[in-house]
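Structural overview
Listed below, chain by chain, are the residues.
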Amino acid sequence: MELDGKVAVVTGGTRGVGAGIARAFVRAGAEVVVCARRPPEVPVPGTEFRPLDVRDAEDVRRLCGELPRLDILVNNAGGSPHRPLTDADAARHARVVELNLVAPLTVSLAAYEHLRRARGSIVMIGSVSGGRPSPGTAAYGAAKAGLESLARSMAVEWAPDIRVNTLVVGMVRTELSHLHYGDQDGVAAVARTVPLGRLAEPSDVGAAAVFLASDAAAYISGASLLVHGGGERPAFLDAANAGRTPAVDKESRKESPDERNL
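Remember, predicted model here, so these are calculated numbers, not experimental data.

To continue, consider the overall build of the protein chain. From N to C terminus, the protein chain includes nine helices and seven strands. Counting every position in the protein chain, which comprises 262 residues, the buried fraction comes to 42%. For the protein chain, the proportion of contacts with a sequence separation of at least 24, taken over those separated by at least 6, is 69%. As presented, the protein chain carries roughly 14,300 Å² of accessible surface, and 54% of it is formed by carbon and sulfur atoms.

So, about the environment of Val-128. Looking at the element boundaries, Val-128 is found in the loop between strand S5 (121–127) and helix H4 (138–157). In this structure, the C-alpha to C-alpha distance between Val-128 and Gly-141, residues 13 residues apart in sequence, is 8.1 Å. Once you skip the residues sitting within four places of it in the chain, Val-128 turns out to touch Val-168, Val-169, Gly-170 and His-228.

Before going further, it helps to spend a moment on the packing of helix H3 (residues 90–118) against H4. Contact geometry for H3 and H4: axes closest at 8 Å, N-to-C directions at 20°. With respect to H4, the element H3 is oriented roughly parallel. The hand of the H3/H4 crossing is right-handed. On the side of H3, the interface is formed by His-93, Val-96, Val-97, Asn-100, Leu-101, Pro-104, Leu-105 and Ser-108, while H4 contributes Ala-139, Tyr-140, Ala-143, Lys-144, Gly-146, Leu-147, Leu-150 and Met-154. Grouping the amino acids of the contact of H3 with H4 by side-chain chemistry returns 11 nonpolar, four polar and one charged.

This paragraph deals with the nonpolar core. With 30 residues, the main nonpolar core has Ile-21, Phe-25, Val-74, Leu-167 and Val-205 as its most contacted residues. For this core, the secondary structure elements donating two or more residues are strand S1 (7–11), helix H1 (16–27), strand S2 (31–36), strand S4 (72–75), S5, strand S6 (163–169) and helix H7 (202–213). Every residue in contact with Val-205, bar those within four places of it in the chain, is listed here: Val-17, Ile-21, Leu-167, Val-169, Val-172 and Val-227. Counting 26 residues, the second-largest nonpolar core is a separate cluster that includes Leu-73, Ala-151, Met-154 and Ala-155.

Our next topic: the pattern of salt bridges. Within this structure, the stated rule accounts for 12 salt bridges. Put simply, Glu-48 and Arg-50 hold a salt bridge, and the shortest N to O gap is 2.6 Å. Taking the shortest distance from any N to any O, the salt bridge between Asp-204 and Arg-198 comes out at 2.9 Å. What makes Asp-204 partly exposed here is its relative accessible area of 25%. Linked by salt bridges that have partners in common, Glu-48, Arg-50, Asp-59, Arg-62 and Glu-66 make up one network.

This part is about the packing of helix H2 (residues 57–66) against H3. One way to put it is that H2 packs onto H3 with a least axis distance of 9 Å and a crossing angle of 25°. One element, H2, and the other, H3, form an angle in the roughly parallel class. With respect to the hand of their crossing, H2 and H3 are arranged in right-handed fashion. Contact residues: Ala-57, Val-60, Arg-61 and Cys-64 in H2; Thr-106, Val-107, Ala-110, Ala-111 and His-114 in H3.

Let us look at the confidence of the model for the protein chain. Averaged over every residue, the pLDDT of the protein chain is 91; the share at 70 or more is 90%. Here residues 248–262 is modelled with pLDDT under 50, and outside its nearest four sequence neighbours on either side it reaches four contacts, counting other chains as well.

What follows concerns the state of the cysteines. Across all of its chains, the model carries zero disulfides by this definition. Free cysteine: Cys-35, not disulfide-bonded; nearest cysteine sulfur from Cys-64 at 8.3 Å. A residue is classified by how much of its surface remains accessible, and Cys-64, at 7% relative accessible area, is buried.

Turning to helix H6 (residues 184–191), a few remarks are in order. Among all positions in H6, only Gly-186, Val-187, Val-190 and Ala-191 are buried. Viewed end-on, H6 has its buried residues packed into an arc of 135°, placing them on one side of the element. Facing away from the buried side of H6 by more than 90 degrees, the exposed set consists of Gln-184 and Asp-185.

Okay, the pairing of S2 next. Of all six residues in S2, five are buried, a share of seventy percent or more. Regarding the hand of the β-α-β motif, the stretch spanning S1, H1 and S2 is right-handed. Here five bridges tie S2 to strand S3 (residues 47–51), and the two strands are oriented parallel to one another. Residue pairing for S3: Cys-35 is matched across the bridge by Arg-50.

This paragraph deals with the sheet that holds S6. Spatial ordering of the open sheet is given by S3-S2-S1-S4-S5-S6-S7, a layout of seven strands whose pairing is parallel. Strands with a single pairing partner mark the edges of an open sheet, and in this sheet they are S3 and strand S7 (224–227). Neighbour-to-neighbour, the strand axes of this sheet turn through a mean angle of 20°, independent of strand direction. Where H4 meets the sheet, it contacts S5, S6 and S7, and its direction lies at approximately 155° from that of S5.

Parameters at a glance
Residues numbered from 1 in each chain as written. Predicted model: local features only at pLDDT ≥ 70, side-chain atom pairs only at ≥ 80, totals over all residues. Heavy atoms only, no water. Helix = DSSP H or I, 4+ residues; strand = E, 2+ residues; numbered from the N terminus. Buried < 20%, exposed > 50% of the residue type's maximum accessible area, 1.4 Å probe, protein only. Contact = heavy atoms within 4.5 Å. Areas by Shrake-Rupley, 256 points an atom, 1.4 Å probe, with all protein chains shown as cover. Axes fitted to C-alpha atoms, helices over the stretch in contact; angles between N-to-C directions. Parallel < 35°, antiparallel > 145°, perpendicular 65-115°, else oblique. Left-handed = near helix turned anticlockwise from the far one by under 90°. Nonpolar A, V, L, I, M, F, W, Y, C, P; charged D, E, K, R; others polar. Core = buried A, V, L, I, M, F, W, Y, C linked by side-chain atoms within 4.5 Å. Salt bridge = Lys/Arg side-chain N within 4 Å of Asp/Glu carboxyl O. pLDDT = per-residue confidence, 0-100. Disulfide = S-S within 2.5 Å. Arc of directions from axis to C-beta. Right-handed = clockwise from strand over helix to strand, strands pointing away. Pairing = 2+ DSSP bridges.

Structure below.
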């Protein structure tokens, strides 16, 4: 999964998941440009920072025009504050959709010619919020659902020149985890809900992004790769077992005829 000689752009690549992706690409041998509205507080070694507002089409076209080549685009920039639907008007929620759905399309269109010439790859950073209810971040969840659909359509329209895939990311431990999950006890409690027993690290997402961008995934396009540690344990399982003791009543647990035949 080497990316020697490849040029990659990672939007929102200065911290958190984006920085983890950038570090993984650097380790794989790529030349990495990270973009964000503000410079990183802690630069990612081996990367070049370019200021960019992904919502500004002119700014995006300027950046792409300055690049001599581009092989890999990672549309990672995004996010949302916690905001119940009735706490804002539709215009405010539309800004979340703009950042998480329209902006990746804006960047992809601006990068199209570069990527077509390079027979390159686009990796969308999606979210499990796009496949389940997302109370408090409903517009974000709707945008991420749309992002997966957009990626599948792009994969068909832009084939065979450009591969397009989505990483569907679950909960990740970053420098901002406390804003979502509370203190260390809160993070630990949330981690216990994940089948693999921990939150993802940015490096986990980075490794998956390198795979999708590499020749190891040369025949993968229009796919959604789940990076969520097994997902979420169904709530009904814990509810059904609430109050039960580990001991099993031998009389009540006698095998039925059907079970003996299994």
